[in-house]
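Commentary on secondary and tertiary structure
Chain by chain, the residues run as shown.
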Amino acid sequence: MVKDTSPGNNSGINQSIENQFEKNMEMIRIYCYIAISGLIISALLLTFGLRLIAGVIIIADACLIVVILKKMVTLTESARNSINDFSSSNEKKDDVITDFSHKIREPLNNLVIITDLLMESDLQIKQKELLETFVASTNNMVTTVNELTMQSAGNLSFQTRKHIRFNLLSTIQNTIELYSLKEKANIDFILNKKEFTGFECLGDPIILKQIFLDLFNTIENQNSERATKVTISLTKERESENESLIALRIQTDKKIILIDETILPLSLAARLISSGRGTYTQEFGENYSVLNIILPFANPVQETKPLITSPGIEELIQKEKVHKELKDIKILLVEDNLINQKITFLTLEPLVSSIDTASNGKEALDKIGTSTFDVVLMDIQMPVMSGLIAAEKIRELESSTNTHIPIIAITANAMLGDKEKCISAGIDDYISKPFQPSALVNKIKKFI
């Protein structure tokens, strides 16, 4: 039986699904803003010793957050089903999942940060227990969204994307971390690595992530109650002026068919390896399996910049780069959403000397041109000028001044490849929403 996938039959259905999705997301956002406002008011009341009124508001918020989480679960399931049910193109599926992931991470992030701040305030035991339940429920929802992000990888279409510079080891490590976010991940990973240097390449990191995620899912599907140990090794087989041949070895401590060649069509991993001009072989033993993959990767173009300062001045600049305490630094927060701005400000304001704000990338460039900052916290999706373009322009300005402002992306863009896009644009580090405030503080400390 052949399904009719003509645009005329699908456009109305897809439009109806999108309209319902938008309506539910708008309702969730409104509920979240009400809940966040209630939590902020509770925190203010606690500072004035009005614990009874604060407790009543927290209990009211508890009921509202339960409703929010239930609606989020329903919406997540709807989005998960859309991966399989949409009859339109793969690109359309990707857009729906990306849009869903971005929109749901914003309110989740606000809930995580506000509850974390309230946990540090003067609460009664029952109130703390209630907030702990909020945190646990929110974390469960975060796990669901992360799994949805990972699940969407298998449905990404074969498409030509912009080639960017990325590190093979870093990309594999990031993929392992993403897979480990699964609630019931039953794989113990060992990534044999020494130094990340020597594994820089030019290409599409999403392809590499798709290969590994497909293999991990295959291992999980053939898994028993005992966790599977998976050891991953990388070696450089051969290197020419323009290309390097990389050998990837994936070994399990069980006999598992990682690529089943008796089933057609072949697995996503096998098709991606073939489309990337790669080859693979498999070895089996009584208590192990090995998959050897050979893939070519383009070497990154070496940029040559003219020397614009004397060695003496360069040495002086390096001496001036002294370590600063967190309380002494000045931060530029680039975020177009005023509520997100306020919540991040509440998180960092007690810890740092000064926080300035900008609503888009253009404002950020103007402020960097007139003031000095120790760290820039950059949102990605913004009007006027996006965070990626702003980061690229900041790096262009710095290329003639021998300066470097650390840029940390704080973004709800957490799909496969988003981190590599940020790094390629000149962003130093990346944290995806929702995040714990302590995680952001630790990121900042790395660069001061």
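Notes on the structure follow.

Here is what the cut-offs are and how they apply
Residues numbered from 1 in each chain as written. Predicted model: local features only at pLDDT ≥ 70, side-chain atom pairs only at ≥ 80, totals over all residues. Heavy atoms only, no water. Helix = DSSP H or I, 4+ residues; strand = E, 2+ residues; numbered from the N terminus. Buried < 20%, exposed > 50% of the residue type's maximum accessible area, 1.4 Å probe, protein only. Areas by Shrake-Rupley, 256 points an atom, 1.4 Å probe, with all protein chains shown as cover. Salt bridge = Lys/Arg side-chain N within 4 Å of Asp/Glu carboxyl O. Patch = residues over 30% accessible without salt bridge, like charges linked within 9 Å, V, L, I, M, F, W, Y side chains within 5 Å. Expected span 1.5 Å × (residues − 1). Pairing = 2+ DSSP bridges. Axes fitted to C-alpha atoms, helices over the stretch in contact; angles between N-to-C directions. Contact = heavy atoms within 4.5 Å. Phe/Tyr/Trp six-rings, centres within 6.5 Å; stacked < 30°, edge-to-face > 60°. Core = buried A, V, L, I, M, F, W, Y, C linked by side-chain atoms within 4.5 Å. Parallel < 35°, antiparallel > 145°, perpendicular 65-115°, else oblique. Left-handed = near helix turned anticlockwise from the far one by under 90°. Nonpolar A, V, L, I, M, F, W, Y, C, P; charged D, E, K, R; others polar.

Focus on the overall build of the protein chain
Summing up its helical and strand segments, the protein chain has 13 helices and 12 strands in all. Every one of the 448 residues in the protein chain was classed for burial, and the buried ones make up 46%. For the protein chain, the computed accessible surface area is about 23,000 Å², with 54% contributed by carbon and sulfur atoms.

A word on the pattern of salt bridges
As enumerated under the stated definition, the model contains 12 salt bridges in all. In this structure, the salt-bridge partner of Glu200 is Arg165, at a minimum N-O distance of 3.5 Å. One end of the pair, Glu200, is in strand β3 (residues 200–203); the other, Arg165, is in strand β1 (residues 164–167), and 35 residues separate them in sequence. Overall, Glu200 belongs to the partly exposed group, its relative accessible area being 33%. Exposure remark for Arg165: the relative accessible area of 37% places this residue in the partly exposed category. Residues Asp374 and Lys324 are paired through a salt bridge, measuring 2.8 Å at the closest nitrogen-oxygen approach. One end of the pair, Asp374, is in the loop between α10 (361–370) and β10 (375–378); the other, Lys324, is in the loop between α8 (311–320) and β8 (330–334), with 50 residues separating them in the sequence.

Overview of unusual backbone geometry
Both trends apply: most residues other than glycine have a negative phi, and most peptide bonds are in trans. Phi is positive for Arg277, which is not a glycine, with a value near 65 degrees. Take Arg277: it is sitting in the loop between α7 (268–275) and β6 (279–285). The class of Arg277 is exposed, set by a relative accessible area of 58%. The phi angle at Val384 is positive, at roughly 70 degrees, despite the residue not being glycine. Along the chain, the position of Val384 falls in the loop between β10 and α11 (387–398).

Here's the deal with a nonpolar patch on the surface
A surface patch of nonpolar side chains, about 570 Å² in accessible area, is lined by Phe48, Leu50, Leu52, Ile53 and Val56. In this fold, Leu50 is placed in the loop between α1 (7–47) and α2 (51–85).

Remarks on helix α6 (residues 205–221)
End to end, α6 covers 24 Å across 17 residues, agreeing with the expected 24 Å (1.5 Å per residue, within 8%). In terms of burial, α6 is largely enclosed, as 14 of its 17 residues are buried.

Remarks on the sheet that holds strand β9 (residues 354–358)
Sheet architecture is open: 5 strands sit in the order β9-β8-β10-β11-β12, paired in parallel fashion. Edge strands, defined here as strands with exactly one partner in the open sheet, are β9 and β12 (429–432). On average, adjacent strands in this sheet sit at an angle of 20 degrees to one another, irrespective of strand direction. Its contacts with the sheet place α11 against β10 and β11 (407–411), and it is angled at close to 155 degrees to β10.

Brief notes about the pairing of β6
Side-chain direction in a regular strand flips from residue to residue, so the side chains alternate between the two faces of the sheet. Sheet topology note: the β6/strand β7 (residues 288–298) ladder contains 7 bridges and is antiparallel. Considered in β7, the bridge of Thr279 is made with Ile294. Between β6 and β7, which pair antiparallel in sequence order, lie 2 residues.

Thoughts on the packing of aromatic side chains
Any pair of aromatic rings gets described here by the distance separating the centres and the angle formed by the planes. Evaluation of the coordinates by the stated rule reveals 2 aromatic pairs. Within the aromatic cluster, the residues linked to one another by ring pairs are Phe189, Phe212 and Phe216.

Some remarks on the nonpolar core
Of all hydrophobic cores here, the largest spans 37 residues; its most connected members are Ile232, Leu234 and Leu248. Where this core is concerned, the elements lending two or more residues are α5 (168–180), β2 (187–192), α6, β4 (228–239), β5 (243–252), α7 and β7. At 7 residues, the largest contribution of residues to this core is made by α6. In this structure, Leu234 is in contact with Leu168, Leu169, Ile172, Leu191, Phe199, Ile246, Ala247 and Leu248, ignoring residues within four places of it in sequence. Ranked by size, the runner-up nonpolar core spans 30 residues in total, among them Ile36, Ile331, Ile431 and Val441.

Quick notes on the environment of Cys422
Tracing the chain through its elements places Cys422 in helix α12 (residues 418–424). Using a relative accessible area of 3% as the deciding quantity, one classes Cys422 as buried. Each residue touching Cys422, except ones within four places of it in the same chain, is listed here: Ile380, Leu388, Ala409, Ile427 and Tyr430.

Comments concerning the pairing of β10
Along β10, one buried face is formed by Val375 and Leu377 and the opposite face, lined by Val376 and Met378, is buried too. Direction of pairing for β8 relative to β10: parallel, over a ladder of 4 bridges. Considered in β10, the bridge of Leu332 is made with Val376. Across 3 bridges, β10 lies against β11 in parallel orientation.

Here's the deal with the packing of α5 against α6
Where α5 contacts α6, the axes come no closer than 10 Å and their chain directions differ by 40 degrees. Classified by the angle their axes make, α5 and α6 are oblique. The way α5 lies across α6 gives a crossing that is right-handed. On α6, the residues that touch Leu168, Thr171, Ile172, Asn174, Thr175, Ile176, Leu178 and Tyr179 of α5 are Pro205, Leu208, Lys209, Phe212, Leu213, Phe216, Asn217 and Glu220. In the contact of α5 with α6, the residues fall into 10 nonpolar, 4 polar and 2 charged.

Just geometry here; none of it tells us what the structure is for.
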